[in-house]
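Chain by chain, the residues:
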Amino acid sequence: MLNLMLFTYSDTAIQHISESVFVGLCHKLGTSQLVAMRRDVVDISEMVNNQVYPINGRRKMESGSQREGFRLEGSDTDMMYWPNNHRVIWELSQSQYYNTHRQTLILCDCSDSPPGFTLLYLLSPSMNRDIQRACVRMYDRYYISSSAYRHMFCSNRIPHGPCASAKFLTVEFDFAYCLACDFWPPSASSWIDRCHLWPQPHVVEDVVKNGCHFVAVGHKLGNYEEHEWRISFSLAEQKLVNAMNHCQFLTYGLLKLFLTEVINNGLGDDDKLLCSYHMKTTVFWVIQQNTIPHWCPQNLLECFWVCFKLILKWVYEGACPNFFIPENNMFLSKIHGEKQRQLFLRLYGLYERGLAFLLHSPSIRSCIVNVLHNPRLSIGTDEHTLIAEHEFDRNLYCEIGSNEIFYFFNIQMYMRCLHTIEQMIHVGSPLITQYNVPMLQKLTSTLLHKTAFIVYMETYTHKNKLRYRADRISCHMLKLAAKFGFISDRLYIAMYYYKTLRYTEAVSILEMIEDMLARPYTMYMYNFNIGPEMYPEAVRGQSWSLKMRQTVAWSNRLYHEIHYISELIPEQQSAQQNKDSALDIPPFILLYMLEILCYKHVDTMRAQAALDDLQTLVHYEEGRIIPLIYRDISWRILEICQQEIGDI
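Residues numbered from 1 in each chain as written. Predicted model: local features only at pLDDT ≥ 70, side-chain atom pairs only at ≥ 80, totals over all residues. Heavy atoms only, no water.

**A look at the packing of helix 3 (residues 32-51) against helix 15 (residues 389-403)**
- One can describe the packing of helix 3 onto helix 15 by two numbers: an axis separation of 10 Å at closest approach and a directional angle of 20 degrees. On the basis of their axis angle, the class for helix 3 and helix 15 is roughly parallel. By crossing handedness, the relation of helix 3 to helix 15 is classed as right-handed. Listed contacts from helix 15 to Gln33, Leu34, Met37, Arg38, Val41, Val42 and Ser45 of helix 3 are Phe392, Asn395, Leu396, Glu399, Ile400 and Asn403.
- Among the residues making up the contact of helix 3 with helix 15, the classes are represented as seven nonpolar, four polar and two charged. (Axes fitted to C-alpha atoms, helices over the stretch in contact; angles between N-to-C directions. Helix = DSSP H or I, 4+ residues; strand = E, 2+ residues; numbered from the N terminus. Parallel < 35°, antiparallel > 145°, perpendicular 65-115°, else oblique. Left-handed = near helix turned anticlockwise from the far one by under 90°. Contact = heavy atoms within 4.5 Å. Nonpolar A, V, L, I, M, F, W, Y, C, P; charged D, E, K, R; others polar.)

**Brief notes about empty space enclosed by the protein**
- Overall, the coordinates contain one cavity of 30 Å³ or more when judged by the stated rule.
- In this structure, the largest cavity occupies an estimated 60 Å³ of space.
- Forming the boundary of the largest cavity are Glu404, Lys442, Thr446, His449, Ser488, Asp489, Tyr492, Trp554, Ser555, Asn556, Arg557 and Tyr559.
- Residue assignment for the lining of the largest cavity shows that the elements contributing at least two residues are helix 17 (436-459) and strand 17 (556-559). (1 Å grid on protein atoms, 1.4 Å probe; cavity = no way out; pocket = protein on both sides within 12 Å on 5 of 7 lines; lining within 4 Å. Points joined across faces, edges and corners; volume = space filled by probe spheres on them.)

**Some points on the pattern of salt bridges**
- Applying the stated rule across the entire model yields 27 salt bridges.
- A salt bridge links Glu46 to Lys60; its shortest N-O distance comes to 3.9 Å. Here the residue Glu46 occupies a position in helix 3, and Lys60 occupies one in strand 1 (residues 58-63), the gap between them amounting to 14 residues.
- Overall, Lys60 belongs to the buried group, its relative accessible area being 5%.
- For Arg58, the salt bridge goes to Asp130, with nearest N and O atoms at 3.0 Å. A residue pair is termed long-range when its members are at least 10 positions apart, and Arg58 in strand 1 and Asp130 in helix 5 (residues 129-133) qualify at 72 residues.
- You can call Arg58 partly exposed: its relative accessible area is 28%. (Salt bridge = Lys/Arg side-chain N within 4 Å of Asp/Glu carboxyl O. Buried < 20%, exposed > 50% of the residue type's maximum accessible area, 1.4 Å probe, protein only.)

**A word on the packing of aromatic side chains**
- According to the stated counting rule, one finds 40 aromatic pairs in the structure shown.
- Ring plane angle 35 degrees and centroid distance 5.6 Å describe the contact between Tyr348 and Tyr351, whose orientation is recorded as tilted. Of the two residues, Tyr348 and Tyr351 both sit in helix 13 (residues 337-352), three residues apart, roughly one turn of that helix.
- Judged by its relative accessible area of 33%, Tyr348 falls in the partly exposed class.
- Look at Tyr351 and you get partly exposed, because its relative accessible area is 30%.
- Here a set of aromatic residues connected by ring pairs shows up, and it is made of Phe258, Phe304, Trp305, Phe308, Tyr316, Phe344, Tyr348, Tyr351 and Phe357.
- The ring of Tyr121 has Arg141 lying over it, and the distance from NZ or CZ to the ring centre is 4.2 Å.
- Over the face of the ring belonging to Phe323 we find Arg194, whose NZ or CZ atom lies 5.2 Å from the ring centre. (Phe/Tyr/Trp six-rings, centres within 6.5 Å; stacked < 30°, edge-to-face > 60°. Lys NZ or Arg CZ within 6 Å of the ring centre and 35° of its normal.)

**A few points about the side chain of Gln66**
- Examined against the element boundaries, Gln66 turns out to sit in helix 4 (residues 64-68).
- Here Gln66 falls in the buried class, since its relative accessible area comes to 14%.
- With sequence-adjacent residues up to four places away left out, Gln66 is seen in contact with Arg71, Ser75, Asp76 and Thr77.

**Let's talk about helix 18 (residues 464-484)**
- The end-to-end C-alpha distance of helix 18, which contains 21 residues, comes to 30 Å, matching closely the 30 Å that a straight helix rising 1.5 Å per residue would cover.
- Within helix 18, burial applies to Ala470, Asp471, Ser474, Cys475, Met477, Leu478, Ala481 and Ala482. Take helix 18 and look down its axis: the buried residues cluster within an arc of 165 degrees, on one side only. Residues of helix 18 that are exposed and angled more than 90 degrees away from the buried face: Lys465, Tyr468, Arg469, Arg472, His476 and Lys483.
- Close packing links the buried residues of helix 18 with helix 17 and helix 19 (491-499). (Expected span 1.5 Å × (residues − 1). Arc of directions from axis to C-beta.)

**Brief notes about the nonpolar core**
- In terms of nonpolar packing, the biggest core is built from 114 residues, with Phe214, Leu274, Phe324 and Leu347 touching the most fellow members.
- At 13 residues, helix 12 (residues 300-317) tops the list of elements feeding residues into this core.
- Beyond its immediate chain neighbours, meaning those up to four positions away, Leu274 contacts Leu259, Ile263, Asn264, Met279, Ile311, Val315, Phe331, Ile335, Leu343 and Leu347.
- Formed by 101 residues, the second largest nonpolar core is a distinct cluster that contains Met37, Tyr503, Leu510 and Ile625. (Core = buried A, V, L, I, M, F, W, Y, C linked by side-chain atoms within 4.5 Å.)

Pasting the structure below:
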């Protein structure tokens, strides 16, 4: 019945349904403000990390759906790494732009490779051991074998195309170890000529000047599949997605949901022929060809329908042209023969049903049904009214908490990083947005408390005078960190006081933290203490920076290179053996643990009371302040504390 209703609806009614779907997707995928915030937080974190890397280190770039601004359940995080002192060039004349004493140059050889792929050979010897071990000799040259290079990084991880897959807590990561090129590929020059209406000239210029990358995977039908590299436009694609308006972005998101929930629903991995990259390519082509004059909430379903018909056409023809190098048919080695026929029949069956097939998508079904049952339902598409203040803030702090990770582990790098942040703030970089300020605060807080513990570790065996000066510096840094970070960052001060046998001072800090955590408007990672109702009243008129310091409690991250307190060293070692990048502990669990350890030395009755509180929390907490992923570490800490008190 609902299917028939969709068939018989007028264009005006379809536009009304489109508005409802637009609102539903804003709640599911994010408003334009939410998406911009997510991108900005990742950008500034990555910028700080990359600006302080050593010249011989690797650079890092997050790519894929997460970087584009999606936060879809089950989607992985794509990370690209490349050596900073190696560069690929397309022709020998480009070598003049490099100091060959500092940069190892690699030349492309596309003469016998399919479009979008190339061989890479060294123009001079490389000091990079990974590059050396991946070299094979052909035609009196040393070529870098993509399969050998990829194998080195996948040996302890699950291979996934050109990537090595790993899992951290509940998040899947795909690590692609690649090579970088500062120049735009000659084979993609036609793309520049096609950019008449979209993207705008300044975006085209930015895309071209940033070049491309090469990922370690060959073409399955190429003559040198084991040694070829695929040209990657991940950075260019990221810039193009950022150049979309929000309706275009949500159309892309709707295609991703449609792929997961309808096309690939119930299929095994080997039968999933279409992927998210095909959806992205479709949206790029439709926008650039100006098939749709107005991308707006009222036309969202029309935009989706045009994209779906283009996918259907490509499957019928067995040809999906790469957006940058159209000669590269991305269906060539995967969608052909009987598989192509079966996929076409599946898609054509959906096409015959019209937009009614979207009723099979759980994410948007209710948006359609609501309008079908209530044709006069008033729908407001003003994005500023679609998300409450507490919901936006919760998303902001979750992004900050998830991105304040540093990929280097020595005090010199931390100091360089602090200096970089200081320069960015004082100079007033145009790259700093309103969302970047609290992110920079949290990065500063993390750097300060890490540095404070390392200063103590490095001076622990020195003479008293030097050790005393180092202690003063560490204490000062920890107090500064508390002024910049979350409520939970104050727990690092308490840990330090316990480590240095100042139990009374630690208890004083812990009591203050416990009071702050008990506030009804405090956010525990993803949840509020009691409910969001009190939050707007408590923080009215405050900046995000101030709200963050007064209302947010995130897990405390213990990095493996730092010995915080002796009782937790075995847990850190265990996490390291499990290949976790750090040990994360919920704030209330760490609070009670420190209370137990400190009170053990100053008030045994209060130590037992704190142990009882910890035991009650671990036994009966229902996931509000201890997420499921932290249940194991919470139980182990309870066991440690029971042993400390003598309750075997």
